[in-house]
Amino acid sequence: MGQAITVTINGAKQTKDVEPTQLLVELLRDTLGLTGTHVGCDTSQCGACTVLVDGRATKSCTILAVQTDGAEVVTVEGLAKNGELHPVQRAFASEHALQCGFCTPGLLITAVDFLARNPTPTDSEIRHAIEGNLCRCTGYHNIVNAVRSAAEMMTTTAQPKVAAGVKR
Amino acid sequence: MITHPFTYRAPSTIEEAVAALGRSRDAKVIAGGHSLLPLMKLGLAQPDALVDLRRIASLRDIRAEADGTIVVGALATHRSIAEDRTIVSKLAALAEAAAAVGDPLVRARGTIGGSLAHADPAADEPAPVLAFDALIRAIGSKGKRDIRAGEYFKAAFETALAPDEIVAEIRFPAQTGRTGSAYVKFAHPASRFAVVGVAATVTLKGDGTVERAAIGVTGAADAPFRAAQAEKAITGTKGDAKAIAAAAAKAAEGITTLSDLVASSDYRRHLVTVYARRALERATQRAQG
Amino acid sequence: MTAATTTTYIGARVPRKEDPRLITGDGLFTDDVTLPGMVYVSLVRSPHAHARIRRIDTTAATEEPGVVAVLTGKELEATGALPVFITVPSMNGSKHMPITTDKARYAGDAVAAVVAESRDAAKRAADAVTVDYEPLPVVVDATKALEPGAPIVHEEMKSNLVFTYPVKGGDVDKAFRDADVKVKLRLVNQRLIPNAMEPRAAVAKFEAGELTLWSTTQIPHFVQLIVALNLGLSQNKVRVIAPEVGGGFGSKLQVYAEELIVGHLAKTLGRPVKWTEERREGYLATIHGRDHVSDVELAAKRDGTILGLRVRTVANMGAYLQAFAPGIPTILHVFVVPGAYRIPAFDYEMRGAYTNTTPVDAYRGAGRPESAYVIERAIDRLADEIGMDPAEVRRRNFIPADAFPFNTISGLTYDSGDYAPALERALAMADYKGFEKRRAEAKARGNYRGIGISSYVEICGLAPSKANSALGVGWGGYESARIRVHPTGAVQVFTGTSPHGQSHETSWAQIAADALGITPNDIEVRHGDTFESPGMGVGTFGSRSLAVGGIEVHKAAEKVREKVIQIGAHLLEASPDDMVVEGGKVFVKGVPDKAKNFGDISMAAYLANNLPEGMEPGLEATVYYDPPNFTFPFGTHIAEVEIDGETGAVELVNYSACDDCGRQINPMIVEGQLHGGITQGIGQALYEAAIYDDNGQLLSGSMMEYHVPTAENVPAFKLDHTMTLTTTNPLGVKGIGEAGTIGSTPAVANAVIDALSPLGIKHLDMPFTPEKVWRAIETAGGEGRR
Ligand SMILES: Cc1cc2nc3c(=O)[nH]c(=O)nc-3n(C[C@H](O)[C@H](O)[C@H](O)COP(=O)(O)OP(=O)(O)OC[C@H]3O[C@@H](n4cnc5c(N)ncnc54)[C@H](O)[C@@H]3O)c2cc1C
Ligand code: FES
Ligand code: FES
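Residues numbered from 1 in each chain as written. Chains lettered and ligands numbered in written order. Predicted model: local features only at pLDDT ≥ 70, side-chain atom pairs only at ≥ 80, totals over all residues. Heavy atoms only, no water.

Caption draft 1: Fine view of the overall build of chain B. Scanning chain B for helices and strands turns up 12 helices and 14 strands. Along the three orthogonal principal directions, the C-alpha set of chain B runs to about 60 × 45 × 30 Å. Restricting to contacts in chain B with at least 6 residues of sequence separation, those with at least 24 account for 61%. If you sum the accessible surface of chain B, you get close to 11,100 Å²; carbon and sulfur atoms cover 50% of it. In chain B, the 37 positive side-chain charges and the 31 negative ones have mean positions that sit 2 Å from each other. (Helix = DSSP H or I, 4+ residues; strand = E, 2+ residues; numbered from the N terminus. Contact = heavy atoms within 4.5 Å. Areas by Shrake-Rupley, 256 points an atom, 1.4 Å probe, with all protein chains shown as cover. Lys, Arg positive; Asp, Glu negative; His and termini not counted. Charge placed at Lys NZ, Arg CZ, Asp CG, Glu CD.)

Caption draft 2: Focus on a nonpolar patch on the surface. Together, L261 of chain B together with I691 and L699 of chain C make up an exposed nonpolar region whose accessible area comes to about 230 Å². By relative accessible area, which is 32% here, I691 of chain C ends up partly exposed. (Patch = residues over 30% accessible without salt bridge, like charges linked within 9 Å, V, L, I, M, F, W, Y side chains within 5 Å. Salt bridge = Lys/Arg side-chain N within 4 Å of Asp/Glu carboxyl O. Buried < 20%, exposed > 50% of the residue type's maximum accessible area, 1.4 Å probe, protein only.)

Caption draft 3: Inspection of the domain arrangement of chain C at higher detail. Residue and element names in this part refer to chain C. Domain annotation for chain C reports domain 1 (19-26 + 478-625), domain 2 (36-136 + 197-247 + 252-285) and domain 3 (289-462 + 629-779). Residue-level contacts link 18 residues of domain 1 with 22 residues of domain 3. For the pair domain 1 and domain 3, the two sides together bury roughly 1,400 Å², of which 65% comes from carbon and sulfur. Joining domain 1 to domain 3, the criterion identifies zero salt bridges. Secondary structure elements with two or more residues in the side of domain 1 that touches domain 3: α14 (504-516) and α15 (545-572). Here the side of domain 1 that touches domain 3 gets six residues from one element, more than from any other, and that element is α15. Of the residues contributing to the side of domain 1 that touches domain 3, the split by class is seven nonpolar, nine polar and two charged. (Domains from an automatic or database assignment. Buried area = accessible area lost by both parts, 1.4 Å probe. Nonpolar A, V, L, I, M, F, W, Y, C, P; charged D, E, K, R; others polar.)

Caption draft 4: Seen up close, the site of ligand 1. In the vicinity of ligand 1 there are 34 residues, among which V29, H34, T111, D124 and R192 of chain B approach most closely. Around ligand 1 the close residues trace back to chains A and B. The backbone of V29 of chain B places a nitrogen or oxygen atom 2.5 Å from an oxygen atom of ligand 1. G102 of chain B has a polar backbone atom sitting 2.8 Å from an oxygen atom of ligand 1. (Near = heavy atom within 4 Å. Polar contact = N/O pair within 3.5 Å; in protein donor to acceptor, adjacent residues only side chain to side chain.)

Caption draft 5: Highlighting the interface of chain C and chain A. Counting from both sides, the interface comprises 48 residues of chain C and, opposite them, 42 residues of chain A. Of the roughly 3,800 Å² buried where chain C meets chain A, counting both sides, 57% is carbon and sulfur surface. Viewed at the interface, chain A and chain C are joined by five salt bridges. Note that E688 of chain C is salt-bridged to R136 of chain A, the shortest N-O span being 2.8 Å.

Caption draft 6: Representation of the side chain of T3 of chain B. Positionally, T3 of chain B belongs in the segment before β1 (7-9). With sequence-adjacent residues up to four places away left out, T3 of chain B is seen in contact with D120, K123 and R124 of chain C.

Caption draft 7: Summary view of the domain arrangement of chain B. You can read the domains of chain B as domain 1 (7-50), domain 2 (59-172) and domain 3 (178-288). Just the C-alpha atoms count here: the centres of domain 1 of chain B and domain 3 of chain B sit 35 Å apart.

Caption draft 8: Region of interest: the pairing of strand β1 (residues 3-9) of chain A. Residues and elements named next belong to chain A. As paired elements, β1 and strand β2 (residues 12-18) share seven bridges and run antiparallel to each other. By the bridge assignment for β2, I9 is matched with A12. Once β1 ends, the chain turns through two residues before running back antiparallel as β2, passing N10 with a positive phi of about 50°. Pairing between β1 and strand β5 (residues 72-74): two bridges, direction parallel. (Pairing = 2+ DSSP bridges.)

Caption draft 9: Examining helix α1 (residues 24-31) of chain A more closely. With six of eight residues buried, α1 of chain A lies mostly within the body of the structure. Every buried residue of α1 of chain A is accounted for by L24, V25, E26, L27, L28 and R29 of chain A. Tucked into the core, α1 of chain A has its buried residues touching β1, β2, β3 (50-53) and β5 of chain A together with α3 (119-128) of chain C. The positive-phi residue at the C-terminal boundary of α1 of chain A is G33 of chain A, with phi of around 70°.

Caption draft 10: Geometry of the interface of chain A and chain B. Tallying the contact residues gives 32 residues for chain A and 36 residues for chain B. It is T21, R56 and Q67 of chain A in chain A that bury the most area against chain B; as a group they hold 23% of the surface buried on that side. Linking chain A with chain B are five salt bridges, by the criterion used here. Where chain A touches chain B, the interface holds 12 residue pairs in polar contact (both at pLDDT 80 or more). When contributions to the side of chain A that touches chain B are tallied by element, the ones reaching two or more residues are β4 (56-59), α3 (104-117) and α4 (123-129) of chain A.

Caption draft 11: Representation of the packing of aromatic side chains within the structure. Residues and elements named next belong to chain C. Evaluated as defined, the whole model comprises 23 aromatic pairs over all chains. An angle of 70° between the planes, with centres 4.7 Å apart, marks the rings of Y419 and F634 as edge-to-face. Linking Y419 in helix α11 (residues 419-429) with F634 in strand β26 (residues 634-643), this pair joins segments that are 215 residues apart in sequence. In terms of burial, Y419 and F634 fall into one category: buried. Taken together, Y341, F398, F404, F406, Y414, Y419, F630, F632 and F634 form an aromatic cluster joined through their ring pairs. In this arrangement the basic side chain of R200 is found over the ring face of Y256, its NZ or CZ atom lying 3.5 Å from the centre. (Phe/Tyr/Trp six-rings, centres within 6.5 Å; stacked < 30°, edge-to-face > 60°. Lys NZ or Arg CZ within 6 Å of the ring centre and 35° of its normal.)

Caption draft 12: The environment of I112 of chain B, seen in detail. All names here are of chain B. By the secondary structure assignment, I112 is in helix α7 (residues 112-118). Exposure remark for I112: the relative accessible area of 0% places this residue in the buried category. Put simply, I112 and D124 are 12 residues apart on the chain and 9.6 Å apart in space, counted from C-alpha to C-alpha. Ignoring sequence-local partners within four residues, the contact set of I112 consists of V72, G73, A74, A76, H78, I81, L94, E125, V129 and I170.

Caption draft 13: Spotlight on the pattern of salt bridges. As enumerated under the stated definition, the model contains 85 salt bridges over all chains in all. Overlapping salt bridges, with partners in common, bring together R63, E65, R137, D146, E169 and R171 of chain B in one network.

Caption draft 14: Inspection of the pairing of strand β7 (residues 143-148) of chain B at higher detail. All names here are of chain B. One ladder, built from six bridges, connects strand β6 (residues 135-140) with β7; its direction is antiparallel. Of the residues in β7, the one forming a bridge with I139 is K144. Linking β6 to β7, which pair antiparallel, is a turn of two residues.

Caption draft 15: Quick peek at the sheet that holds strand β22 (residues 579-582) of chain C. Residues and elements named next belong to chain C. The strand order across the open sheet formed by three strands is β22-β23-β24, and the pairing between neighbours is antiparallel. Only two strands of the sheet have a single neighbouring strand rather than two, namely β22 and β24 (591-597). Between one strand axis and the next, the sheet turns by 35° as a mean value, whatever way the strands run. Bridge analysis of strand β23 (residues 585-588) against β24 gives four bridges, and the strand direction is antiparallel. Bridge pairing in β24 links V588 to V591. Set on the sheet, helix α16 (residues 598-607) makes contact with β23 and β24; between it and β24 the angle comes to about 40°. (Axes fitted to C-alpha atoms, helices over the stretch in contact; angles between N-to-C directions.)

Caption draft 16: A look at the sheet that holds β5 of chain A. All names here are of chain A. With mixed pairing, five strands are arranged side by side in an open sheet as β2-β1-β5-β3-β4. Looking at strand neighbours, the two that pair on one side only are β2 and β4, the edges of this open sheet. Looking at each pair of strands side by side, their axes are set apart by 40° on average, direction ignored. Helix-sheet contacts for α3 involve β3, β4 and β5, and the interaxial angle to β3 is about 35°.

Caption draft 17: Fine view of the packing of helix α2 (residues 87-94) of chain A against α3 of chain A. Residue and element names in this part refer to chain A. With their axes 9 Å apart at the nearest point, α2 and α3 run at an angle of 125° to one another. Viewed along their axes, α2 and α3 adopt a mutual orientation that is oblique. Note on packing geometry: the crossing formed by α2 with α3 is right-handed. Residue-level inspection shows V88, Q89 and F92 of α2 in contact with α3, the latter providing T104, L107, L108, A111, V112 and L115. By residue class, the composition of the contact of α2 with α3 is seven nonpolar, two polar and no charged. (Parallel < 35°, antiparallel > 145°, perpendicular 65-115°, else oblique. Left-handed = near helix turned anticlockwise from the far one by under 90°.)

Given below as structure tokens:
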């Protein structure tokens, strides 16, 4: 008993038949093969599954696919534009903000949403902003550095206002 | 993974939503889904139909009415409440409670209507809703009614709502005179819900004495409550440190506090008094402004 | 002969080669593998911690839509038993079947498996399996498990005692007789849940007689070996791939039931099979760590000199012995308990006990955090007892720098060390001198402030193989590497290590680049696929990868370099002794413009028409390296906390650490390992605990109850290092993967106790949760509170 939804994913509008029980993360991973979005828990705690839904960082394990009918979704696969990495991606690499990389897609997305709202954050604001994303490898130290460094990159180089696809 | 099947619809008016709720036995409203979907994933809630409110745009609004009443639509997210200028300046305790919910990702989806309907005893927003004496406007098959916050919360996950009623908006009466408010929280380290959360509003007379105080406490007991003894104790005082401490010490009087892995009943009782004091101090400071 | 002298890349902050795919979502993790025709497994797990299985009714489950098969333990006996790789003396081993048949021994023990067309269908059907259990008395506490009359976990054994492991040196009785002061402590090193962010998963397919298994493992070669042996396949027909692995910390250092089950099912059903753990399931079915209760006694002179140490510990092993479990509380724990100190007499007795809880095995640090906790807490108690600065007590007892190599009282030989400078630098970073002022300021706020030191030593490398064997480790301590230079000059390094966040692709490339005179970008490092591996790999655990695996890459690269020099000298008609290998070229010293490109050399090696007399064609080298000893990294960590006087909530306000892991290949990566390790150690001190009730139910059973630290729970870290090269390998490298976890927990614990010491509080058990601290303050009378 599927239901047709139309959703824009990483800039491409798609119409898909989904079961009401299907979570957005299941649509992304299982149906669309966008496996960059991860599942790290079953209680909506870890943030590994974070994607942008209409510009807001959202746990894709805690939203039904049917609820995204008409929405715009950006996953980690959609952050780079025309082969150019998003500043947050570049900063994560240059600051060594990832080790195993499992939490990374979720953190990148959270950071993109956060910096769109707070382009010049303090370290404690950064820590507060990534509270919903667990990382067991990095101790967060370098993640904080990376978000700060991305903020600097984005404000000094007058990037095209955050990632495309981010509605304010 | 959700293993039990259900139907889904997203009507565009509240009337349709009410009608849809009446149509099946185990139908449930879904708003932000941040209480309901976790339960469904664990198989602890198994509705046969979900009625999504997301297309009912009017429920999202936050607005001030002519008489100063601030109306927060049920679908307003914790994040939009925490960031709303009017709320931050007029209803600081509500803004602080919304900002203290879970984590940024939870706040981006979860709604105040959902929080009040779900009535988790550890939810944050019930505390300021109680402290501000808000009205919960519900719409059901029998029409519209306003429920006073003080009569709304019945027990853990139990409210005065009828099964086919939908929370449409929460109405915060105008705050008059020299009023200040604050919300402070001792969060569960892992779940981030309130182990104890206290919202206080304090209104001062011209001479600086406390004309009125209201204290809403969440997390501590089976249902959020007003700390009536503490409110009485602070009223008429100068709102100085000593008076506040004496009043706060009464904040858990007559209450059976919860006990769990993070906080025993004794400890919760103690936290209520500490956090009541901190909330009163901050609210009073703001009223003195 | 001409050893690499340049260290262009070794020691540099080379950006990670792993990152481009991981920041774009291109990394392939096990659960990302989806194959046509795939079926899904869900396991039925016992809700009881101890229960006889009377009957399993699979009828209803079989009738669920989409179900392919429902199998009980009897039908899955062909998977064979799970392995234990370490045998210590007097050990009572347990038989551990992937699916239990007689009784469930812990809540989470698998009793049946369901295979279905989708994950949802498998889960629904698993819920429909009905099991008739006869609940049995439960034992959760390890000490109680060893008392007479305790419920027996493995009935064939008569008792729950797994082993008694005594280690002695010197005359401890005399030490206690001669002592001016004796301090006594009971220390609980609580049980932890590793919480790698990626849940476990396994995917298998069987095609043309060949089994391919993707698994979230730290040890693909061990998995390959056991899967081949257990499933009756020739080892060359079993390919195990550890693709991206999302953290392990020891929890993936296993051969798990699910790997054997999906392998067996793929083989018998002829369809690809996937199993993915749910997080709450993992809390039950993936190994836990720690869980020691120790009685510690320290004898000393009034001037702080330690005379002897006596420890009696019971380690909770859980319901079954897992792959490396017997070695964790013994080999990796007992020997290093004397730590950084000259301790003349030592008497340790470790006992392991079976209980009705999830099996316990290696969790980051694996035995060594428990060691550091014992000695570092004991030292602080001593300092308190004699009224001496804890830093001074450490200084007085450190093994002096000129005493290395140092034979410890427990029988180890520490390779190299210089402990005092690390302590002094950490003290300076932490502004230790200014601390009392900060304590006083906190007191004025109604708070308690404390500072805590931990000077740890740890063991890395678990080698050489002969020593392993003497200790009961059923496998060698070597590692393997192959370097293949293709005719075009493209270089591939194949390593037997299996990283899951440790950045081997980068570090190994740095090591090889320096030997070959090329850049890390010219080198591809491949790992985690048993069909590509150089040979038998051992894997990544115990901070061994660099000190063993990195060295073997270095050795293989040196071999290739030697051949490059020979060919270069031949082509340039010069003496090999005069050759320089640098900047992608080979040339005669002083004449860089008359050079052969690296690619010219490799092409010549394969054209093979103009090679030095007698030289084999080709350009590659395979090396197995078995190090002569463990390595012993060390350092000092200092934590500063402030405790809310009213609520008992502990805030970690400052953290400084000075570590010494010998030479650093990539300081950026070293620091990252420390940050993560420190955070896990802080987690143990302040937040984390696996808590069971008396019925063996895990109360902290999900991420909603078990607190994995978030960004707001830890401060920015101040790091420094000293560099004392090890003498046991040519690069002078030690290991850093676990140091942070080992050093941090006692530092934080000592800080909390220091904060509370003005109240007369001598000890509290971890984690220092607000209520526990508040109660301690209340009981102590709350002197100094407002
Ligand atoms: C990880 C995590 C952490 C959290 N931490 C906190 C926290 O610290 N503090 C806190 O307060 N909350 C916390 N929450 C809960 C969160 O605030 C929820 O958003 C909120 O409780 C429910 O709002 P919702 O819009 O998501 O409701 P839903 O989940 O959509 O609905 C919840 C219930 O309310 C009913 N309902 C929803 N809207 C209406 C309506 N308008 N009228 C009638 N019935 C309705 C639904 O039928 C359902 O029964 C957390 C949640 C998660 C996942
Ligand atoms: S998977 Fe953990 S929050 Fe979504
Ligand atoms: S990098 Fe491994 S969990 Fe964050």
